[in-house]
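Here's the letter readout for the chains.
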Amino acid sequence: DNYMTEGFLARGSYDYDNRYFANASIRRDASSKFAPGHRWGTFWSAGLAWQMNKEDFLKNIKEINLLKLKISYGENGNDMGMGWHAYADRFSTSYNKETQEYSVSMVSKGNDELTWETKKSWNFGVDFSMFNYRLNGSVEVYTGTTSDLLWSKTLPLSSGLTVTSYPANVGKLRNSGIEVTLDGTIVKTKDLTWSLNMSLAHNKNEVLELEESIRE
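Residues numbered from 1 in each chain as written. Predicted model: local features only at pLDDT ≥ 70, side-chain atom pairs only at ≥ 80, totals over all residues. Heavy atoms only, no water.

## Regarding the overall build of the chain
Item 1. When helices and strands are tallied, the chain shows 1 helix and 12 strands.
Item 2. For the chain, the α and β elements follow one another from N to C terminus as β-β-β-β-β-β-β-β-β-β-β-β-α.
Item 3. Computed over its C-alpha atoms, the radius of gyration of the chain comes to 26 Å, more than 25% above the 17 Å expected for a compact globule of 216 residues.
Item 4. Along the longest, intermediate and shortest principal axes, the C-alpha atoms of the chain span 90 × 35 × 35 Å.
Item 5. Of all 216 residues assigned to the chain, the portion counted as buried reaches 28%.
Item 6. Nonlocal contacts in the chain, meaning residues at least 24 apart in sequence, comprise 60% of its contacts between residues at least 6 apart. (Helix = DSSP H or I, 4+ residues; strand = E, 2+ residues; numbered from the N terminus. Rg over C-alpha atoms; globule rule 2.2 N^0.38 Å. Buried < 20%, exposed > 50% of the residue type's maximum accessible area, 1.4 Å probe, protein only. Contact = heavy atoms within 4.5 Å.)

## Regarding a nonpolar patch on the surface
Item 1. On the surface, Tyr14, Tyr16, Tyr20, Trp50, Phe57 and Leu69 cluster together into a nonpolar patch covering about 620 Å² of accessible area.
Item 2. Of the residues examined, Tyr16 reaches a relative accessible area of 42% and is grouped as partly exposed. (Patch = residues over 30% accessible without salt bridge, like charges linked within 9 Å, V, L, I, M, F, W, Y side chains within 5 Å. Areas by Shrake-Rupley, 256 points an atom, 1.4 Å probe, with all protein chains shown as cover. Salt bridge = Lys/Arg side-chain N within 4 Å of Asp/Glu carboxyl O.)

## Description of the pattern of salt bridges
Item 1. Counted under the stated rule, the structure contains 10 salt bridges.
Item 2. Here Lys70 and Glu140 are joined by a salt bridge, their closest N and O atoms 3.0 Å apart. Of this pair, Lys70 sits in strand β4 (residues 64-78) while Glu140 sits in strand β8 (residues 135-147), placing them 70 residues apart in sequence.
Item 3. Judged by relative accessible area, Glu140 falls into the buried class, the value being 15%.
Item 4. In this structure, Lys153 and Glu211 form a salt bridge, with 2.3 Å as the shortest nitrogen-oxygen distance.

## Some remarks on the side chain of Arg19
Item 1. Structurally, Arg19 can be placed in the loop between β1 (5-16) and β2 (20-31).
Item 2. Apart from residues no more than four positions distant in its own chain, Arg19 is found in contact with Ala49, Trp50, Gln51, Lys54 and Glu55.

Encoded structure:
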């Protein structure tokens, strides 16, 4: 009884004149946690970057050592948190020596409609260095939507089963925020270097969809 995965991956990158950058990847994964009709998922990502400080309208500004704009989109699949074969009902047997009888009991309730939890993310950012690399930093703005959330859903008492829950895809949520990092050299002499690092972040999580039974 083993959990198995299988996948294929392809990716490529392009750099033109150390100014324009592009990359892309695609992967196709299979997980034995899902039924054959829902086993495979396809996930891809792509990114672009522009090193602006090498353009004619900026390259003569000595105060700017680096100014790079970037944007990316990516998809990720998740099958964690579920049983090894979460799509199937599983049973165990036991033997009663007194009655000399075998019995079968359910160990876990499966869901053959279960599928990949998928996160789709956008990222916008800028990297910069100024004043002979004495001030460096980056700003990242991101947003991501996770759909088909994997969850152990409670079974009603009326089900008559001995187990209390089963795996299901139950909703969608969004995660967004901004991150700022700064690294500055305040004092730099032959005998002393004084640097200051700072990181700021703000994050927001929002539930977009959720089954009523989970909210209760």
